[in-house]
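# Fold and contact review
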Amino acid sequence: PDAQPTIDAAPDASATPCNATTCTSAGGTCQGGACVIHAGTSATCPPGQPCVVECDAGTDCKGGITCGDASSCVIDCETMNACDGASFTCAHGCTVECLDTNTCMNGHYTCGTGSAGCDLECCHAGACADSNSFTGSNATNDPGTCTVPP
């Protein structure tokens, strides 16, 4: 098999910290230097700052998640069926953490190129499936390495 690219969409320590005004406008709050958005159906990250999108319920994040021009983007699919069938736009890269059963299945990923691709971390049995579609650079890690959301 071809070697998978190294994807780095983790928060950048040198990045501009969370801007409370633009973060609040995006529906989030500043936590630990990142704009943390507890998403409903969809979410769009504010530009120029680290962004964490939390998909807390089984119906969350099934619409579109757009990382936009965030300096980094992590999407936490935390509960069974969250993110299932969702569309992710990560032109500058993102890490999608799949933390429960059926969280990252049937997804559509529009990714950047090279290290700005999509990093899919499958951290629970049955979290990911081969039914995902990708455009751009991507890596699927099963089992993956996930962090506990803030």
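Above this text is the structure in question.
I will try to describe carefully the structure that is included in this document. (Residues numbered from 1 in each chain as written. Predicted model: local features only at pLDDT ≥ 70, side-chain atom pairs only at ≥ 80, totals over all residues. Heavy atoms only, no water.)

## Concerning the sheet that holds strand β2 (residues 34-38)
Remark on secondary structure: sheet strands pair via backbone hydrogen bonds, oriented parallel or antiparallel. Spatially, β1-β2-β4-β6-β8-β10-β12 is the arrangement adopted by the seven strands of the open sheet, whose pairing is mixed. In this open sheet, the two edge strands, each paired with only one partner strand, are β1 (28-31) and β12 (138-141). Within this sheet the neighbouring strands show an average axis-to-axis angle of 20°, counted without direction. Here four bridges tie β2 to strand β4 (residues 50-55), and the two strands are oriented parallel to one another. Bridged to C35 within β4 is C51. (Pairing = 2+ DSSP bridges. Helix = DSSP H or I, 4+ residues; strand = E, 2+ residues; numbered from the N terminus. Axes fitted to C-alpha atoms, helices over the stretch in contact; angles between N-to-C directions.)

## Focus on the state of the cysteines
Tallied over the entire structure, the rule returns 11 disulfides. With a sulfur-sulfur separation of 2.2 Å, C90 is cross-linked through a disulfide to C94. Around the S-S axis, the bridge from C90 to C94 shows a dihedral of about 80° and counts as right-handed. Under the relative-accessibility criterion, C90 is labelled buried at 0%. (Disulfide = S-S within 2.5 Å. Buried < 20%, exposed > 50% of the residue type's maximum accessible area, 1.4 Å probe, protein only.)

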